[in-house]
Amino acid sequence: MLKMTKNIIKITAILGFAAISLSSCSKENPPLVYFPDMYYPVAYDPLMKAEDAYSTHENEIPAFVKNNGATGLGPVNGTVVHDKDGVADVAANDRMTPDQYNAGYDESKTITASPLNPANQAADIERGKGLYDKTCAACHGTGGDGQGPIVVCGAYSGVPKFADREITVGSVHYVLTNGRNAMGSYAGQLTPGDRWRVAMYVMSAFKGGIAPAAPAVASASVTTSPQK
Ligand code: HEC
């Protein structure tokens, strides 16, 4: 009997609590929401006025307030203007005609040594490897076989095996600078020196050395020619 009374008290308590909780869900008396940003996302469209999504409250984020509420902000202080005077070189492939591009490409094939100091070759190739793995391997594969992850997963195709291409350190540098067909220019991502370093790495890791695979005769004659 005592047990039953206890149970009745328990059930009454639970029902009572539920009734109180539910009754607080009225429109006049909305429930308290903790961390409202988690329930009502505050997503800003570019240039819209920044308003709090869940109230009529004006947004108080100082950067927006200073900007009359607009979310499109100017560049951060100290930002370096890329081309204030409007004289930057446009990407070489934008200003070249196909004939000019092809002439430059053919000419670049005859370049079999990078202009970097040969004394630093090992370090240059090492740096080239690091950059290659980060910048190129997604398409070309770490083994240079054209089977990078985005090719293997089927998102991209047409990436050649370096072994199948007749390339020199000069032509790789040229392609990195100017792009080639489906491959864009990497002039914006790699400094001129680093473009040579990556090219040196490509030649040394995938083409059997810094000298080109095909016109090897030319470089051989250079190394064997008598010293003057
Ligand atoms: C988005 C994928 C992609 C990335 C990233 C990429 N490439 Fe390529 N690459 C291609 C494609 C596609 C081609 C084939 C272009 C053609 O000849 O039609 C190519 C061609 C080449 C060739 C052969 C050009 C020739 O003369 O035949 C070289 C060398 C090369 N890439 C080097 C690089 C290097 C070095 C990097 C990194 C800085 C790089 N690529 C990054 C897609 C890519």
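Residues numbered from 1 in each chain as written. Predicted model: local features only at pLDDT ≥ 70, side-chain atom pairs only at ≥ 80, totals over all residues.

Thoughts on the confidence of the model for the protein chain
Link 1 in the chain: When pLDDT is averaged across the protein chain, the result is 80; 77% of the residues are at 70 or more.
Link 2 in the chain: Scored below 50 in pLDDT, residues 212-228 shows 11 contacts in the model against residues more than four places distant or in partner chains. (pLDDT = per-residue confidence, 0-100. Contact = placed C-beta atoms within 7 Å.)

Some remarks on the nonpolar core
A general tendency of soluble globular proteins is for nonpolar side chains to be buried together.
Link 1 in the chain: Among the nonpolar cores identified, the biggest contains 21 residues, and Val172, Val198, Ala199, Met200, Val202 and Met203 are the most heavily contacted of them.
Link 2 in the chain: Counting only elements with at least two residues in this core, the list comes to helix H6 (121-135), helix H9 (169-178) and helix H10 (192-206).
Link 3 in the chain: Of all the elements, H10 adds the most residues to this core, at eight residues.
Link 4 in the chain: Contacts of methionine 200, omitting those with residues within four sequence positions, involve Ser114, Asp124, Ile125, Gly128, Val169 and Ile210. (Core = buried A, V, L, I, M, F, W, Y, C linked by C-beta atoms within 7 Å. Buried ≥ 20, exposed ≤ 12 C-beta atoms within 10 Å, placed from the backbone. Helix = DSSP H or I, 4+ residues; strand = E, 2+ residues; numbered from the N terminus.)

Some words on the site of the ligand
Link 1 in the chain: Taken together, 23 residues sit near the ligand, with Cys136, Cys139, Asn181, Ala182 and Met183 positioned nearest.
Link 2 in the chain: Going through the elements one at a time, H6, helix H7 (137-140), H9 and H10 are the ones with two or more residues in the shell around the ligand.
Link 3 in the chain: Per-element accounting of the shell around the ligand gives the leading share, four residues, to H9.
Link 4 in the chain: Of the residues belonging to the shell around the ligand, the class tally is 16 nonpolar, five polar and two charged. (Near = placed C-beta within 6 Å. Nonpolar A, V, L, I, M, F, W, Y, C, P; charged D, E, K, R; others polar.)

Comments concerning unusual backbone geometry
Excluding glycine, a negative phi dihedral is what most residues carry, and trans is how most peptide bonds are arranged.
Link 1 in the chain: Although it is not a glycine, asparagine 68 adopts a positive phi angle of roughly 55°.
Link 2 in the chain: The topology assignment puts asparagine 68 in the loop between helix H3 (62-66) and helix H4 (92-95).
Link 3 in the chain: Within the chain, asparagine 181 stands out as a residue other than glycine whose phi angle is a positive 45°.
Link 4 in the chain: Mapped onto the elements of the fold, asparagine 181 is located in the loop between H9 and H10.
Link 5 in the chain: For asparagine 181, a count of 7 C-beta atoms within 10 Å translates into the label exposed.

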